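# Per-entry structural report
Each chain is listed here by its residues.
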Amino acid sequence: MDPFICTNIFIPLRSAPSHRSEMVSQLLFGERFQIIDSAASWLKIETLFDLYTGWIDSLHRGYEAWDEVSTGIITGNHLVCLKEDNTLLTLSPGSEIFGLSDGFSGFAIGDKKYTVRDPQASLLTPHSSLTETALQFLNVPYLWGGRTSGGIDCSGLVQVVCKIHGIKIPRDAARQAELGTIVSFFTEAQPGDLIFFSGETENISHTGIFLGQGKIIHASGSVRIDRVDHQGIWREDAGRYTHRLRIIKRVL
């Protein structure tokens, strides 16, 4: 099966071949996928980055054939580009670009060329730590299935931040918790550790990145910073624990 590449800021990935079905994830610019099934105008795809499956609407296009399967240069920050028709394209952190020209002035996908509006290496270089990278998403609204600075969910935040730092982890929180090294006690947690939580059941359903000093950054309503301890996340505005701590993992 030939791979394809996303050439939109993002492409919604849905649970079923219908616009009424929930968005379960998003393809970011430069991410690749393979088509594994179809239904009318809908294509069932599997992403090359995390082997996630879902449906995209082929009528929206925003993708093209691309036989390069290796990872591109991952953007560490927002990257404002000009397309060949002079329209602006702002790539979200975690997007991938290819064929970068000298001086970071542009890149290409196939025969399509993109000019970087403010070329500088810092736009591609990740921040010095997972925590600093995560902080650039602060106040981004919560969006189920989201992976961009326009809207993001808890596991999407963790996945994209880790991707920027060269760490490949699955899309969903429960599967993310299977990776890394267990941190046995909360007092041993370090900034950048991933913390996983449960809600009303024992199943892992939430995640965030430990900032140190008893604080966590996570997506809940929006990307926010809350207190966290050995019991879970304490929301000052709610006056209660909203998530119960289940496990701490170190991925670096």
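Just so you know, the residues in each chain are numbered from 1, in the order the chain's sequence is written. Two thresholds apply to this predicted model, a pLDDT of at least 70 for residue-level local features and 80 or more for giving and counting side-chain atom pairs, whereas whole-chain, interface and lining totals are computed over all residues. Computation of side-chain values: all heavy atoms of the structure, hydrogens and water removed.

## Quick word on the layout of surface pockets
Buriedness of a pocket was judged along seven lines, with at least five required to meet protein on both sides within 12 Å; pockets are open sets of points on a 1 Å grid over the protein atoms alone, cavities are sets where a 1.4 Å probe fits but cannot get out, and lining residues have an atom within 4 Å of a point. Grid points are joined across faces, edges and corners, and a volume is the space filled by probe spheres set on the points. Computed from the structure, the largest pocket encloses a volume of approximately 280 Å³. Lining the largest pocket are 19 residues, and of these Tyr 142, Trp 144, Cys 154, Ser 155 and Ser 205 lie nearest its centre. Elements supplying a minimum of two residues to the lining of the largest pocket: α2 (154-164), α3 (173-176), β18 (204-212) and β19 (215-220). In terms of residue class, the lining of the largest pocket is built from 9 nonpolar, 6 polar and 4 charged. Here a strand is any run of E in DSSP of at least two residues, a helix any run of H or I of at least four, and the numbering for each starts at the N terminus. Each residue gets one of three labels, nonpolar for Ala, Val, Leu, Ile, Met, Phe, Trp, Tyr, Cys and Pro, charged for Asp, Glu, Lys and Arg, and polar for the others, Gly among them.

## Considering unusual backbone geometry
Residue Leu 51 is not a glycine yet carries a positive backbone phi of 55°. Of note, Gln 213 is a non-glycine position whose phi angle comes to about 55°, a positive value. Throughout this description, buried means an accessible area under 20% of the type-specific maximum (1.4 Å probe, protein chains only), exposed means over 50%, and partly exposed covers the range between. Judged by relative accessible area, which is 81%, Gln 213 ranks as exposed.

## Some remarks on the pattern of salt bridges
The salt bridge criterion pairs a side-chain nitrogen of Lys or Arg with a carboxyl oxygen of Asp or Glu, the two atoms within 4 Å. Summed over all chains, the structure comprises 13 salt bridges. As a salt-bridge pair, Arg 224 and Asp 237 come within 3.5 Å of each other at their nearest N and O atoms. Residue Arg 224 is located in strand β20 (residues 222-228), and its partner Asp 237 is located in the loop between β21 (232-235) and β22 (240-250); the two are separated by 13 residues in the primary sequence. Exposure remark for Asp 237: the relative accessible area of 55% places this residue in the exposed category. Of the charged contacts in the structure, one is a salt bridge between Glu 236 and Arg 227, with a shortest N-O distance of 2.6 Å. One network of salt bridges, with partners in common, ties together Glu 31, Arg 32, Glu 96, Arg 147 and Lys 163.

## Section: the sheet that holds strand β10 (residues 88-91)
The rule for pairing is simple: two strands pair if DSSP sees at least two bridges between them. Ordered in space as β10-β9-β13-β12, the 4 strands form an open sheet in which the pairing is antiparallel. Looking along the sheet, the strands with just one partner apiece sit at the ends: β10 and β12 (106-109). Each adjacent strand pair in this sheet contributes to an overall mean axis angle of 35°, direction not counted. Relative to strand β13 (residues 112-116), β12 is paired through 4 bridges, and the arrangement is antiparallel. Within β13, the residue paired with Ile 109 across the bridge is Lys 112. Axis lines are fitted to C-alpha atoms, over the contacting stretch for helices. Their N-to-C directions set the angle, which ranges from 0 to 180 degrees.

## Observations concerning empty space enclosed by the protein
In the structure shown here, the tally under the stated rule is 1 cavity of 30 Å³ or more. Put simply, the largest cavity is a space of about 60 Å³. Forming the walls of the largest cavity are Leu 13, Ser 25, Gln 26, Leu 27, Glu 31, Thr 47, Phe 49, Asp 50, Tyr 52 and Arg 147. No other element matches the 3 residues that strand β3 (residues 23-28) contributes to the lining of the largest cavity. Within the lining of the largest cavity, the residues separate by chemical class into 4 nonpolar, 3 polar and 3 charged.

## Looking at the side chain of Ser 25
Mapped onto the secondary structure, Ser 25 falls in strand β3. A 3.5 Å cut-off defines polar contacts: any pair of N or O atoms within that distance qualifies, except that in protein one atom must be a possible hydrogen donor and the other a possible acceptor, and neighbouring residues in sequence count only when both atoms are side-chain atoms. Polar contacts involving the side chain of Ser 25 include one to the side chain of Arg 171, which spans 2.8 Å. Here, residues are in contact when the closest pair of their heavy atoms is within 4.5 Å. Look past the residues within four positions of Ser 25 in its chain and what remains in contact with it is Ile 11, Pro 12, Leu 13, Tyr 52, Gly 145, Arg 147 and Arg 171.

## Let's talk about a nonpolar patch on the surface
On the surface, Leu 135, Leu 138 and Ile 225 cluster together to form a nonpolar patch covering roughly 210 Å² of accessible area. By the element assignment, Leu 138 lies in the loop between α1 (130-135) and β14 (147-148). Patch membership requires more than 30% relative accessible area and the absence of a salt bridge. Residues of like charge join within 9 Å; the nonpolar side chains Val, Leu, Ile, Met, Phe, Trp and Tyr join within 5 Å. Per-residue and other accessible areas were derived by the Shrake-Rupley procedure at a 1.4 Å probe size, with only the shown protein chains allowed to occlude residues.

## What to know about the packing of aromatic side chains
Each Phe, Tyr or Trp ring (for Trp, its six-membered ring) is paired with any other whose centre lies within 6.5 Å, and the angle between the two planes then decides the class: stacked below 30 degrees, edge-to-face above 60, tilted in between. Throughout the structure, instances matching the rule amount to 9 aromatic pairs. For the ring pair Phe 4 and Tyr 63, a centre distance of 5.8 Å and an interplane angle of 80° mean the geometry is edge-to-face. Here Phe 4 is found in strand β1 (residues 3-6), whereas its partner Tyr 63 is found in strand β7 (residues 63-65), with 59 residues between them in sequence. Of the residues examined, Tyr 63 reaches a relative accessible area of 6% and is grouped as buried. Arranged with centres 5.6 Å apart and planes meeting at 70°, the rings of Phe 33 and Tyr 63 form a pair that is edge-to-face. A residue pair is termed long-range when its members are at least 10 positions apart, and Phe 33 in strand β4 (residues 32-39) and Tyr 63 in strand β7 qualify at 30 residues. The burial state of Phe 33 is the same as that of Tyr 63; both residues are buried. Three or more aromatic residues link up through ring pairs in this structure, and these residues are Phe 4, Phe 33 and Tyr 63. Working rule: Lys NZ or Arg CZ, within 6 Å of ring centre, within 35 degrees of ring normal, means a charge sits over the ring. Over the ring of Tyr 63 we find Arg 61; its NZ or CZ atom is 4.4 Å from the centre of that ring. Sitting over the face of the ring of Phe 49, Lys 163 holds its NZ or CZ atom 4.9 Å from the ring centroid.

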